[in-house]
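Reading the structure
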Amino acid sequence: MPLPLGHTAIGLAITDIYPKGSLNDNPWKTFVFIVALSNLPDIDVIMGLMLYGNGDIFHRGPTHSLLFGLIMALIATRIGNWWSKIPKVSFLWCFLVIFSHVLADAVLTTVPVSLWWPLELHFSVGYSGWVDVINFIIFGAFRDVGIIVTVATVIVLNRIIRHKPLPFAFSRLSKDR
Ligand SMILES: [Zn+2]
């Protein structure tokens, strides 16, 4: 199943393929923003851990839906416009990065997401305490190797097809501004 590393890799691929570079010219800020948005739906794990000590209790609920992606993309875009420390980003880019998480969870795992919430609602069953979640993130990361290899291939192919230099996406984004 995709872990933070896998979701971040997918967010990087979307950013690389996205036609218009509209991100901040600081590559690290951009990277942090991609990490935050591509993993935002899993905030339900943190909420479950903080409120009930169980990361599974709300997992794959409302934050793993189309509606959440739309609302959070709107908020992220607004925050980017108000606060100069956050990259200025387009609504579509934000939505694609956030929603890629939901789609990856839906396609790459057997546990359903709440895609059409509030019309449908699913939660992952089971129990994951703080130690389970931290262990899973650290020691389960190797499971995302397949995603990372696929994403790297997509980025390289995209760059070859578009006759772009192969180095990382950020330099292109900052130049496009
Ligand atoms: Zn998730």
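Now for a quick tour of the structure. (Residues numbered from 1 in each chain as written. Predicted model: local features only at pLDDT ≥ 70, side-chain atom pairs only at ≥ 80, totals over all residues. Heavy atoms only, no water.)

When helices and strands are counted, the protein shows 8 helices and 0 strands. Traced from its N-terminal end to its C-terminal end, the protein shows the element sequence α-α-α-α-α-α-α-α. Per-residue burial for the protein yields a buried fraction of 45% across its 177 residues. Restricting to contacts in the protein with at least 6 residues of sequence separation, those with at least 24 account for 72%. Accessible surface for the protein amounts to roughly 9,700 Å². Of this, 75% is attributable to carbon and sulfur atoms. (Helix = DSSP H or I, 4+ residues; strand = E, 2+ residues; numbered from the N terminus. Buried < 20%, exposed > 50% of the residue type's maximum accessible area, 1.4 Å probe, protein only. Contact = heavy atoms within 4.5 Å. Areas by Shrake-Rupley, 256 points an atom, 1.4 Å probe, with all protein chains shown as cover.)

One finds Ile-10, Phe-33, Leu-37, Trp-93, Cys-94, Ile-98 and Val-151 to be the most contacted residues of the largest nonpolar core, which totals 27 residues. Within the residue set of this core, elements represented by two or more residues are α1 (4–17), α2 (27–39), α4 (66–82), α5 (91–108) and α7 (145–161). At 8 residues, α5 tops the list of elements feeding residues into this core. (Core = buried A, V, L, I, M, F, W, Y, C linked by side-chain atoms within 4.5 Å.)

Turning our eyes to something else, we now look at the packing of aromatic side chains. Within this structure, the stated rule accounts for 4 aromatic pairs. Ring geometry for Phe-33 versus Trp-93: centroids 6.2 Å apart, planes at 15°, classification stacked. In this pair, Phe-33 is assigned in helix α2 and Trp-93 in helix α5, connecting sequence segments 60 residues apart. Residue class for Phe-33 comes out buried when judged on its relative accessible area of 11%. The class of Trp-93 is buried, set by a relative accessible area of 1%. For the pair Phe-95 and Phe-99, a centre-to-centre distance of 5.1 Å together with 15° between the ring planes defines the contact as stacked. Pair noted here: Phe-95 and Phe-99 are both in helix α5, with a separation of 4 residues, about one helical turn. (Phe/Tyr/Trp six-rings, centres within 6.5 Å; stacked < 30°, edge-to-face > 60°.)

Let's shift gears to the side chain of Ser-124. In this fold, Ser-124 is placed in the loop between α5 and α6 (130–139). When its relative accessible area of 11% is taken as the criterion, Ser-124 is described as buried. There is a polar contact of 3.4 Å between the side chain of Ser-124 and the side chain of Asp-56. When sequence neighbours within four positions are dropped, the list of residues in contact with Ser-124 reads Asp-56, His-59, Arg-60 and Val-111. (Polar contact = N/O pair within 3.5 Å; in protein donor to acceptor, adjacent residues only side chain to side chain.)

Moving on, we come to the pattern of salt bridges. Any two side chains of opposite charge can pair, so long as their charged atoms come close to each other. Within the structure shown, the criterion is met by 2 salt bridges. In this structure, the salt-bridge partner of Arg-159 is Asp-16, at a minimum N-O distance of 2.9 Å. Residue Arg-159 is located in helix α7, and its partner Asp-16 is located in helix α1; the two are separated by 143 residues in the primary sequence. Judged by relative accessible area, Asp-16 falls into the buried class, the value being 1%. Between Arg-60 and Asp-105 there is a salt bridge; the shortest N-O distance is 3.6 Å. Pair noted here: Arg-60 is in the loop between α3 (43–52) and α4 and Asp-105 is in helix α5, with a separation of 45 residues, a long-range link. Under the relative-accessibility criterion, Arg-60 is labelled buried at 2%. A relative accessible area of 1% places Asp-105 in the buried class. (Salt bridge = Lys/Arg side-chain N within 4 Å of Asp/Glu carboxyl O.)

This part takes up the coordination of the zinc ion. Surrounding the zinc ion are the protein donor atoms Asp-42 (OD), His-64 (NE2), His-101 (NE2) and Asp-105 (OD), at 2.0 to 2.2 Å. Seen from the zinc ion, its 4 donor atoms lie at angles of 89 to 174°, and the figure they make is irregular. The exposure class of His-64 is buried, given its relative accessible area of 0%. (Donors = N, O, S within 2.8 Å, 3.2 Å for Na, K, Ca; no water. Tetrahedral: all angles 85-135°; square planar, octahedral: opposite > 155°, others 65-115°.)

Glancing now at the environment of Ala-152. As for its placement among the helices and strands, Ala-152 is situated in helix α7. Linking Ala-152 and Ile-10, residues 142 residues apart in sequence, is a C-alpha distance of 9.3 Å.

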